[in-house]
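Examination of the molecular architecture
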Amino acid sequence: KRVIKGVSYTSLEGAKALVAAGVAKKSDFWVCVGFSGWAPGQLQNEVEQRDTWYLASADSGTLLTELLREARELPPPGD
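Definitions and limits used
- Residues numbered from 1 in each chain as written.
- Predicted model: local features only at pLDDT ≥ 70, side-chain atom pairs only at ≥ 80, totals over all residues.
- Heavy atoms only, no water.
- pLDDT = per-residue confidence, 0-100.
- Helix = DSSP H or I, 4+ residues; strand = E, 2+ residues; numbered from the N terminus.
- Buried < 20%, exposed > 50% of the residue type's maximum accessible area, 1.4 Å probe, protein only.
- 1 Å grid on protein atoms, 1.4 Å probe; cavity = no way out; pocket = protein on both sides within 12 Å on 5 of 7 lines; lining within 4 Å.
- Points joined across faces, edges and corners; volume = space filled by probe spheres on them.
- Patch = residues over 30% accessible without salt bridge, like charges linked within 9 Å, V, L, I, M, F, W, Y side chains within 5 Å.
- Areas by Shrake-Rupley, 256 points an atom, 1.4 Å probe, with all protein chains shown as cover.
- Salt bridge = Lys/Arg side-chain N within 4 Å of Asp/Glu carboxyl O.
- Phe/Tyr/Trp six-rings, centres within 6.5 Å; stacked < 30°, edge-to-face > 60°.

**Observations regarding the confidence of the model for the chain**
- In the predicted model, the chain carries a mean pLDDT of 84, and 96% of its residues have values of at least 70.
- Between the elements of the chain, mean pLDDT differs from a low of 79, seen in strand β1 (residues 2–4), to a high of 93, seen in helix α1 (residues 12–20).

**Regarding the environment of P75**
- Looking at the secondary structure, you find P75 in the segment after α3 (60–73).
- Overall, P75 belongs to the exposed group, its relative accessible area being 56%.
- Taking the C-alpha atoms as reference, P75 lies 30 Å from K5; in sequence the two are 70 residues apart.

**Re the layout of surface pockets**
- Estimates place the volume of the largest pocket at around 830 Å³.
- Along the wall of the largest pocket there are 23 residues; nearest its centre are S8, Y9, F29, W30 and V31.
- Only β2 (7–8), α1 and α3 provide two or more residues apiece to the lining of the largest pocket.
- Per element, the largest residue contribution to the lining of the largest pocket is five residues, and it comes from α1.

**Some words on a nonpolar patch on the surface**
- A cluster of nonpolar side chains, namely W30, L63, L64, L67 and L68, defines an oily patch on the protein surface of about 400 Å² accessible area.
- By the secondary structure assignment, L67 is in helix α3.

**Details of the packing of aromatic side chains**
- Overall, the coordinates contain one aromatic pair when judged by the stated rule.
- Ring geometry for W38 against W53: centres 6.0 Å apart, planes inclined by 55 degrees, an arrangement best described as tilted. Of this pair, W38 sits in the loop between α1 and α2 (42–49) while W53 sits in the loop between α2 and α3, and the two are 15 residues apart along the sequence.
- A relative accessible area of 36% places W38 in the partly exposed class.
- Owing to a relative accessible area of 35%, W53 belongs among the partly exposed residues under this scheme.

**Description of the pattern of salt bridges**
- Per the counting criterion, the structure on display carries three salt bridges.
- The closest approach of N and O atoms between E70 and R69, which form a salt bridge, is 4.0 Å.
- Look at E70 and you get partly exposed, because its relative accessible area is 41%.
- Taking the shortest distance from any N to any O, the salt bridge between R69 and E73 comes out at 2.5 Å. A residue pair is termed a helical-turn pair when its members lie 3 or 4 positions apart in one helix, as R69 and E73 do in helix α3 at four residues.
- Overlapping salt bridges, with partners in common, bring together E66, R69, E70 and E73 in one network.

Put into structure tokens, the structure is as follows:
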């Protein structure tokens, strides 16, 4: 599913299927793990309050550059 031009998301099973079909390579994927959840209407209310979320447009290059920058700041596994 497309997020923005050049950035999409899928399940692990979906990624495996794309690789098996020859549509993608393993190196085309980044694995991101996490969870966020909101009650119905909660996120919309937080966005409308304008004191919790800051919305901005971004292209895929900006998004991927920021993800790489943040990844470099993480401690090594096991620390």
